[in-house]
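Here is what each chain is made of, one letter per residue.
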Amino acid sequence: MNGAVLVALAATIGNFLQGWDNATIAGAVVYIKKELTLDASVEGLIVAMSLIGATLVTTCSGSIADSIGRRPMLIMSSMLYFLSGLIMLWSPNVYVLLIARLLDGFGIGLAVTLVPLYISETAPSEIRGSLNTLPQFTGSGGMFLAYCMIFGMSLMTAPSWRLMLGVLSIPSLIYFVLVVLYLPESPRWLVSKGRMVEAKQVLQKLRGIEDVSGEMALLVEGLAVGIEPSIEEYIIGPADELTEDQDLATDKDHIKLYGPEEGLSWVAKPVTGQSSLALVSRQGSMVQQSVPLMDPLVTLFGSVHEKLPDTGSMRSMLFPNFGSMISTMDPHVKDDHWDEESLQREGDDYPSDGGADSDDNLQSPLISRQTTALETVVPHPHGSTLSVRRHSSLMQGNAGEGVGSMGIGGGWQLAWKWSEREGEDGTKEGGFKRIYLHQEAGPGSRRGSLVSVPGGDIHEDGEFIQAAALVSQPALYSKELMDQHPVGPAMVHPSETASKGPSWAALLEPGVKRALIVGIGIQILQQFSGINGVMYYTPQILEQAGVGVLLSNFGIASDSASFLISALTNFLMLPSVAIAMRFMDVAGRRSLLLYTIPVLILSLICLVIGNTVNLGSVAHAVVSTICVILYFCFFVTGYGPIPNILCSEIFPTRVRGLCIAICALVFWICDVIVTYTLPVMLNSIGLSGVFGIYAIVCVISWIFVFLRVPETKGMPLEVITEFFAVGARQAAIAKHE
């Protein structure tokens, strides 16, 4: 875990620089307009130039990040920060200053867009939310430290705005060094480009373990999301429960499941009829929602989290009685069967950059790799089978052997199933499916064999478990068998298609469209919920509370008092963000939003009352101050970090950068609209009217979250995107019925 945490901390320096810049320009502009004698329009343009730059760069940052990687874009962000800081330090006139602010905006746009994406793709599922709250914390911390610096410089005889802005180059240089020397490329992006050796090495460093085969297989499968998705229910037991006189042929309903490790297999009996599992039963009634207008996805996601383990551990909660589906192989045993990178030595044209590390020393995270390895694929005469190579068995992973039992996060396990069926012409056709398994009930009965266990009739003292499964087409196919009916589960990494980069057509897939509705909607509502308006008037409100008068008694000028007040306000945010980090992966994103948005509504309503009803100067100041503090603290606990966290989680790997860029573009456009319409609204409807509109938007936000935003805590990114595909397919089926 330490590797992922340190990488996330290094990446979030980009958000620290964003907060630093926001504070320094707010202080420096006071002295810029005095020295350069600027009118209001040019003053506003200097402040807004970074917003314009961020908006412009966001239009292309996602697609470029999907093409060349996340790390190069973060390096570019640090370079833009550094260059803009040097130019602002030199700025001889307003035109040069505007160019520097534009470059600074480019750096901000890249950091704000890509840091949450990068953290989500490198962090373990169980702490992904906490780590993705770090950008909010570092951003607030950057603003606090910058305001402290500006306050100190404002006490000087002749404060230098160039120095205030130019200091940005110092932390940006540190950011550049850390990104270049320490930050690895995202393993999900590496897998999407077929660079499996690098991806495995990065995962080993991030997780601090040698065996990352299960997660490697998960990342490969994440390249193909939502192809004919469905939810099924199984009763699962060890494959060795079948005795010699029993065979899968005795019951055509039985199938075999295969884990990412060699030789690991299980027997599964599909449960028919009315399901007893929350996940499956809710999926079956997705169209008949108890709450009108609620997206069935919300209910479907919620049914999973009712069963999630409370420990937050990465250790698998599935198959607790007989080991993990992902177990550690003998490190001294070499595997000649890897992925597409080993094919290069055999003359195939798959891309590879294996380097000095030999693929022969790597253990395969995949099932048999290609058709030339048919000696490892032994079709069963009666139906489903895979070869069991070497002596790996389900019982590996028993306590006391020191064998890892890490799943793919949140109580989920990855497996595959292979089955044969007769075609219309009498020939046998193979069917290969990917399965994400989630334990939904207690262990079952062990009565001789799984064949004798009827669906649902199990005893809780045995070694069979009930599991719900997300089932869909796998990403792994053999190049030679792509246009044929495969005769066995032989496959390779789909790098030929994955490495082509994101496709705009993928945005039209039903699951991606539903995710975009959630991402774009929550970004719009966050910006119109009032954060910019409340932040803009914080110094004024706190001065009304008497803080300014108190500071003036200590000989502090009004400008310096305003900076100190802003610093104190940002300081109050830090404990609130720390609370959000603590509960983001415990209570969850959806719950934090549903509990914190009502406090925002109440705070805004109190501000409206305070500005319309004559409460007296003292009471008005006290009420306003309390409301502003509550608003800020609860905003950064929920509505501040969560939209970016959600947007980094709900899109498939192949278009994640592109979709996040679309959501970020909406964010910046709304930011510009709110910033420039605020003075107009103040002149037309007054401060109470503005706060009233913000309160109404917060009410709409709560309704939107309740009806449309699912809970994603603890779930692997690939499982989240699969759920969106399932929900979209079910909705389409219901629509045509």
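Rules behind the numbers
- Residues numbered from 1 in each chain as written.
- Predicted model: local features only at pLDDT ≥ 70, side-chain atom pairs only at ≥ 80, totals over all residues.
- Heavy atoms only, no water.
- Helix = DSSP H or I, 4+ residues; strand = E, 2+ residues; numbered from the N terminus.
- Buried < 20%, exposed > 50% of the residue type's maximum accessible area, 1.4 Å probe, protein only.
- Contact = heavy atoms within 4.5 Å.
- Areas by Shrake-Rupley, 256 points an atom, 1.4 Å probe, with all protein chains shown as cover.
- Core = buried A, V, L, I, M, F, W, Y, C linked by side-chain atoms within 4.5 Å.
- Pairing = 2+ DSSP bridges.
- Axes fitted to C-alpha atoms, helices over the stretch in contact; angles between N-to-C directions.
- Left-handed = near helix turned anticlockwise from the far one by under 90°.
- Phe/Tyr/Trp six-rings, centres within 6.5 Å; stacked < 30°, edge-to-face > 60°.
- Lys NZ or Arg CZ within 6 Å of the ring centre and 35° of its normal.
- Salt bridge = Lys/Arg side-chain N within 4 Å of Asp/Glu carboxyl O.
- Parallel < 35°, antiparallel > 145°, perpendicular 65-115°, else oblique.
- Patch = residues over 30% accessible without salt bridge, like charges linked within 9 Å, V, L, I, M, F, W, Y side chains within 5 Å.
- pLDDT = per-residue confidence, 0-100.

Right, let's talk about the overall build of the protein chain for a bit. Of regular secondary structure, the protein chain possesses 25 helices and 6 strands. Each of the 737 residues in the protein chain was classed as buried or not, and the buried ones make up 61%. Restricting to contacts in the protein chain with at least 6 residues of sequence separation, those with at least 24 account for 81%. Summed over all atoms, the accessible surface of the protein chain reaches about 28,400 Å², with 62% contributed by carbon and sulfur.

A separate point is the environment of Cys698. Among the secondary structure elements, Cys698 is positioned in helix 24 (residues 656–708). Through-space distance from the C-alpha of Cys698 to that of Phe528 is 8.1 Å; in sequence the pair is 170 residues apart. In contact with Cys698, other than residues within four places in its own chain, are Ser529, Ile597, Leu600, Ile601 and Leu604.

For the rest of this paragraph, the subject is the nonpolar core. Soluble, globular proteins show a tendency: their nonpolar side chains are buried together. Ranked by size, the top nonpolar core spans 82 residues in total, and within it Ile32, Ile46, Leu74, Leu165, Tyr175 and Leu183 carry the most contacts. Ranked by residue count, the leading element in this core is helix 5 (residues 94–122), at 14 residues. Leu165 has contacts with Thr24, Ile25, Ala28, Ile32, Gly85, Met88 and Leu97, leaving out every residue within four places of it along the chain. Among the nonpolar cores identified, the runner-up in size contains 78 residues, and Val512, Leu516, Leu593 and Ala695 belong to it.

Side chains of strand 2 (residues 255–258) alternate between two faces, with Ile255 and Leu257 and Lys256 and Tyr258 buried alike. Relative to strand 3 (residues 265–270), strand 2 runs antiparallel, the two sharing 4 bridges. In the sheet register, Lys256 faces strand 3, and the bridge partner there is Val267.

Looking now at the packing of helix 20 (residues 558–583) against helix 22 (residues 617–639). Interaxial distance between helix 20 and helix 22 falls to 8 Å at its minimum, and their mutual angle equals 40°. Two packed elements cross with a definite hand, and for helix 20 against helix 22 that hand is right-handed. Of helix 22, the residues touching helix 20 (which contributes Thr569, Leu572, Met573, Ser576, Val577 and Ala580) are Ile629, Phe632, Cys633, Val636 and Thr637.

Inspection of the secondary structure assignment puts Ile231 in strand 1 (residues 230–238). It is 6.9 Å that separates the C-alpha atoms of Ile231 and Ala468, two residues lying 237 residues apart in sequence.

Within this structure, the stated rule accounts for 11 aromatic pairs. Relative to Tyr694, the ring of Phe691 lies with its centre 6.5 Å away and its plane at 50°, an arrangement referred to as tilted. Residue Phe691 and its partner Tyr694 are located together in helix 24, separated by 3 residues, close to a single helical turn. Across the pair, Tyr694 and Phe691 agree in class, each one buried. Among the aromatic side chains, those forming a connected cluster through ring pairs are Phe301, Trp412, Phe723 and Phe724. Sitting above the plane of the Phe583 ring, Arg582 keeps its charged end 5.5 Å from the centroid.

Turning our eyes to something else, we now look at the pairing of strand 1. Among the 9 residues in strand 1, 7 count as buried, and that is most of the element. In this sheet, strand 6 (residues 464–472) lies alongside strand 1 in antiparallel orientation, the contact comprising 7 bridges. Bridge assignment links Ile236 to a residue of strand 6, and that residue is Ile465. Note: strand 1 against strand 3, 5 bridges, orientation antiparallel. In the sheet register, Tyr234 faces strand 3, and the bridge partner there is Pro270.

Here the structure, examined in full by the defined rule, presents 19 salt bridges. As a salt-bridge pair, Lys417 and Glu232 come within 3.4 Å of each other at their nearest N and O atoms. Placement of the pair is Lys417 in strand 4 (residues 412–422) and Glu232 in strand 1, with a sequence separation of 185 residues. Of the charged contacts, one joins Glu509 and Arg654 as a salt bridge, the two residues approaching to 2.6 Å between their closest N and O atoms. Of the two residues, Glu509 is situated in the loop between helix 16 (495–498) and helix 17 (510–527) and Arg654 in the loop between helix 23 (642–647) and helix 24; the sequence distance between them amounts to 145 residues. Bridged by salt links that share partners, the residues Asp66, Arg70, Glu121 and Arg656 form one connected network.

Another point: the packing of helix 7 (residues 134–154) against helix 20. Look at helix 7 against helix 20: their axes get within 8 Å of each other, and the N-to-C directions meet at 160°. Considered as vectors, helix 7 and helix 20 are oriented roughly antiparallel to each other. Here the hand of the crossing between helix 7 and helix 20 comes out left-handed. Contact with helix 7, carried on its side by Leu134, Gln136, Phe137, Ser140, Gly141, Met143, Phe144, Tyr147, Cys148, Ile150, Phe151 and Ser154, involves Ser560, Phe563, Leu564, Ser566, Ala567, Asn570, Phe571, Met573, Leu574, Val577, Ala578 and Met581 of helix 20 and no other residues of that element.

A separate point is a nonpolar patch on the surface. A cluster of nonpolar side chains, namely Leu6, Leu9, Leu173, Val177, Leu181 and Tyr182, defines an oily patch on the protein surface of about 560 Å² accessible area. Of all the secondary structure elements, the ones that give two or more residues to the nonpolar patch are helix 1 (2–11) and helix 9 (169–181). Considering every element that reaches the nonpolar patch, the biggest residue donor is helix 9, with 3 residues. Examined against the element boundaries, Leu9 turns out to sit in helix 1.

This next bit is on the confidence of the model for the protein chain. Per-residue confidence for the protein chain averages 75 on the pLDDT scale, and 70% of its residues sit at or above 70. The least confident element of the protein chain is helix 15 (residues 340–343), whose mean pLDDT is 38; the most confident is helix 4 (residues 70–90), at 96. The low-confidence segment residues 243–250, where pLDDT is below 50, has 11 contacts with residues more than four positions distant or belonging to other chains. This stretch, residues 442–461, has a pLDDT under 50; its non-local contacts, to residues over four places away or in other chains, come to 58 contacts.

This part takes up the side chain of Ser560. Within the element layout of this structure, Ser560 appears in helix 20. Discounting residues that sit within four places of it in the chain, Ser560 has contacts with Phe151, Ser154 and Leu155.

Mapped onto the elements of the fold, Ser576 is located in helix 20. Among the residues examined, Ser576 registers a relative accessible area of 8% and is labelled buried. Discounting chain neighbours no more than four positions away, the residues touching Ser576 are Cys633, Val636 and Thr637.

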